[in-house]
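So you can see what is in the structure, the chains are spelled out below.
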Amino acid sequence: MCGVIGVYCEDKELTPTLAYYSLYALQHRGQESAGIAVYSDGIRVYKGMGLVTEVFKENILSKLKGKIAIGHVRYSTTGESKLENAQPILVRSKVGEIALGHNGNLVNYSQLREILENEGKVFATTSDTEVIAQLLSNFLMKHDLYESLSLLTKKLLGSYTITALINDTLLAYRDPLGFRPLCVGEFDGGYVIASESCALESLELSKIRDVKPGEAVIVSNGELEIVRIAKAKRCARCVFEYIYFARPDSVIDGVTVYEARYRMGRNLAKESAVDCDIVSPVPDSGTTCAIGFSAESGIPYIESLIKNRYVGRTFIMPEQRLREISVRIKMNVVKKNVEGKRVTLVDDSIVRGTTSRKIVEMVRSAGAKEVHFRVGSPPIISPCYFGIDMSTREELIASCGDLEYVRRAISADTLAYLSLKGLIKSIGFGENDLCLACLTGIYPICVPGELCDNAKYELNY
């Protein structure tokens, strides 16, 4: 997961501010690094480790003037968490300069990099984003932008939503399966492209529409064009966007994330009712699901956990050790709300089980009579190869044992997950419109050693 943005603005002074606030609205998608690239008689890139507010001070933004810009917040999956891999990544060639930011993960990154290195390309990073930029640069030496994107699509295997500056042209492109979201909005004097609609709404922009899978957005000389580059027989929108990653106020491909999570909660209550005194969310990602669970079950919704708002999202912490430390300082139990009561905790998912176990123990230690755990998604049993840091089965608790094993591991009195059917119904797309690989073990793209849907990925150009 990462967040990408692109900005075109007639007012050169305003462009870096729009880029900054767009990235700020997408901070939940990545907390390791942030960067902005601006074109003004050449491309200038500024990036650093940390949050958007830590990287960009007013004196920095004042130096990033230009009519077009791209930006990126990073959560690493391919490439180490260090400054060299912060994005946007800049490459130079005979066609000029290309700055590129990428949300996703390439399955065939190693093979593509080896081919490019054999051709004499020298890499400055260990990120798959640089592979995309180098390939695009190669194709642009012989072809126009449309044909280059078509050729690029044939080479890349995996998930990729990108924004790029190609000299003085702004480009955004969403892969043909649409793993990661992308949308475009407009204002008087320009356009903003972003991973999620919450970035547009924070700037009070009018959303034009979601960028469809396989579409490119091109802004050249102030003119916006949306063109179809490729089309797959199915889509593979990441189900985890709706479960956890996206902000609840975002609308992704016509589905309001808040409403999807609320329906998850209601369907979870229908499937796994429990006799208890209160329903409490695991904040913040479990909140909307818990509200739906309470509404359907009729059990009072009462917060038992108060979150420290200055601690980041534990799942996207880059190391397990940091996640465990973060859990201890992230939340505190409201003892009066749980003492002597049967409590049902509702969370969006269980990945490693670390956070769930500590939270159950905290609530029980605060005096809860019973602690039940309800999960607004099915068990996560398979690793993700498309941009979520769940790379091995061994770290996924549900892949290591059955329901009773997980229940004991997190120390809950009872445990229940939302069914796959209930999840799909809650989101509102068909099964062939979502990537469910982490829940089913069947991948929409052929991954070595994994089962795949062979009907999936035929493209029309």
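Residues numbered from 1 in each chain as written. Predicted model: local features only at pLDDT ≥ 70, side-chain atom pairs only at ≥ 80, totals over all residues. Heavy atoms only, no water.

Chemist: Please explain the environment of Leu 136 as it appears in this structure.
Modeler: If you trace the backbone, Leu 136 turns up in helix H5 (residues 128–140). For Leu 136, a relative accessible area of 0% gives the class buried. On a C-alpha basis, the gap between Leu 136 and Gly 35 in space is 20 Å, while along the polypeptide they are 101 residues apart. (Helix = DSSP H or I, 4+ residues; strand = E, 2+ residues; numbered from the N terminus. Buried < 20%, exposed > 50% of the residue type's maximum accessible area, 1.4 Å probe, protein only.)

Chemist: Just checking my understanding: could you explain helix H15 (residues 420–427) for this structure?
Modeler: Because each turn of an α-helix spans 3.6 residues, side chains separated by three or four positions in sequence point in the same direction. Within H15, burial applies to Gly 422, Leu 423, Ile 424, Ser 426 and Ile 427. Where H15 is buried, its residues meet helix H8 (239–245), strand E17 (255–256), helix H9 (257–271), strand E24 (434–435) and helix H16 (437–440). One or two residues past the end of H15 sits Gly 428, with phi positive at roughly 100°. (Contact = heavy atoms within 4.5 Å.)

Chemist: Before we go on, may I ask you to explain the nonpolar core in this structure?
Modeler: Among soluble globular proteins, nonpolar side chains are generally buried collectively. Residues Phe 240, Tyr 242, Met 264, Phe 386 and Ile 388 are the most contacted members of the largest nonpolar core, which totals 52 residues. Those elements giving two or more residues to this core turn out to be H8, H9, helix H10 (287–297), H15, E24 and H16. The biggest single contributor to this core is H8, with six residues. Every residue in contact with Met 264, bar those within four places of it in the chain, is listed here: Tyr 242, Ile 243, Cys 289, Gly 376, Leu 418, Leu 423, Ser 426 and Ile 427. (Core = buried A, V, L, I, M, F, W, Y, C linked by side-chain atoms within 4.5 Å.)

Chemist: Explanation requested: the packing of H9 against H15 in the structure shown.
Modeler: Describing two packed helices takes the angle between their axes plus the distance from one axis to the other. The geometry of H9 relative to H15 is characterised by a closest axis approach of 8 Å and an angle of 145° between their N-to-C directions. H9 and H15 meet at a crossing whose hand is right-handed. Note on element contacts: H15 touches H9 through Gly 422, Leu 423, Lys 425, Ser 426 and Ile 427, opposite Ala 260, Arg 263, Met 264, Asn 267 and Glu 271. Residues of the contact of H9 with H15, tallied by class, amount to four nonpolar, three polar and three charged. (Axes fitted to C-alpha atoms, helices over the stretch in contact; angles between N-to-C directions. Left-handed = near helix turned anticlockwise from the far one by under 90°. Nonpolar A, V, L, I, M, F, W, Y, C, P; charged D, E, K, R; others polar.)

Remember, this is a structural readout, not a statement about activity or role.
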